[in-house]
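Listed below are the residues making up each chain.
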Amino acid sequence: MLKNIDPILSPELLSTLRAMGHGDEIAIVDGNYPGVEHARRLIRLDGLPLVPVLNAILSVMPIDDFVEEAIFRSTYRQERDRLEPVHSEIIDCCARHKPERTVVPLVGADFYNRVRAAHTLVQTGEPRLYANVILRKGVIYP
């Protein structure tokens, strides 16, 4: 155990977050996502819902401010602007950590292709569909 570190952040996940460099992306996905097929590196957090995992990661990982878009979510089918309840929770969680950043919807293949290119995929036990988010790592300024 560590002080001031969310216990959701397992040793493997903490090591991965630390090893990621500026511009690397991490995908956090629901339990139905084809994680084994899409992951370059897979970390499983079965039994945990997505939003607490997202919150824990955002508590320690800076978001890239060198680019316009650094936080992405999947969409309900091809409906780019439709917000499922889980999407609203993702947006709210991200806003608590990075209020100046917009969560960008990515439709279907655009989201899948970005996940396939991500540094790491974290598969949660989230049962809700389309509960997927990608974060682009930023820097810690001196």
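Residues numbered from 1 in each chain as written. Predicted model: local features only at pLDDT ≥ 70, side-chain atom pairs only at ≥ 80, totals over all residues. Heavy atoms only, no water.

**Student:** Looking at this model, I keep getting lost on the packing of aromatic side chains. Mind explaining?
**Tutor:** Counted under the stated rule, the structure contains two aromatic pairs. Pairing Y33 with Y112 gives two aromatic rings, centres 5.2 Å apart and planes at 80 degrees, and the pair type is edge-to-face. Taken together, the residues Y33 in the loop between β1 (25-29) and α2 (35-38) and Y112 in helix α5 (residues 108-117) connect sequence positions 79 residues apart. Relative accessible area serves as the criterion here: at 6%, Y33 is assigned to the buried category. Since its relative accessible area comes to 35%, Y112 is described here as partly exposed. Relative to Y130, the ring of Y76 lies with its centre 5.1 Å away and its plane at 65 degrees, an arrangement referred to as edge-to-face. Of this pair, Y76 sits in the loop between β3 (71-74) and α4 (85-97) while Y130 sits in the loop between β5 (120-124) and β6 (133-136), placing them 54 residues apart in sequence. Using a relative accessible area of 15% as the deciding quantity, one classes Y76 as buried. Directly above the aromatic system of F72 lies the positively charged group of R114, at a separation of 4.0 Å from the ring centroid. (Phe/Tyr/Trp six-rings, centres within 6.5 Å; stacked < 30°, edge-to-face > 60°. Helix = DSSP H or I, 4+ residues; strand = E, 2+ residues; numbered from the N terminus. Buried < 20%, exposed > 50% of the residue type's maximum accessible area, 1.4 Å probe, protein only. Lys NZ or Arg CZ within 6 Å of the ring centre and 35° of its normal.)

**Student:** Please clarify how helix α3 (residues 50-58) should be interpreted in this entry.
**Tutor:** Residues that lie three or four places apart on an α-helix share one face, since the helix turns once every 3.6 residues. By the criterion of burial, α3 is predominantly enclosed, with seven of the nine residues buried. L50, V51, V53, L54, A56, I57 and L58 are the residues of α3 that are buried.

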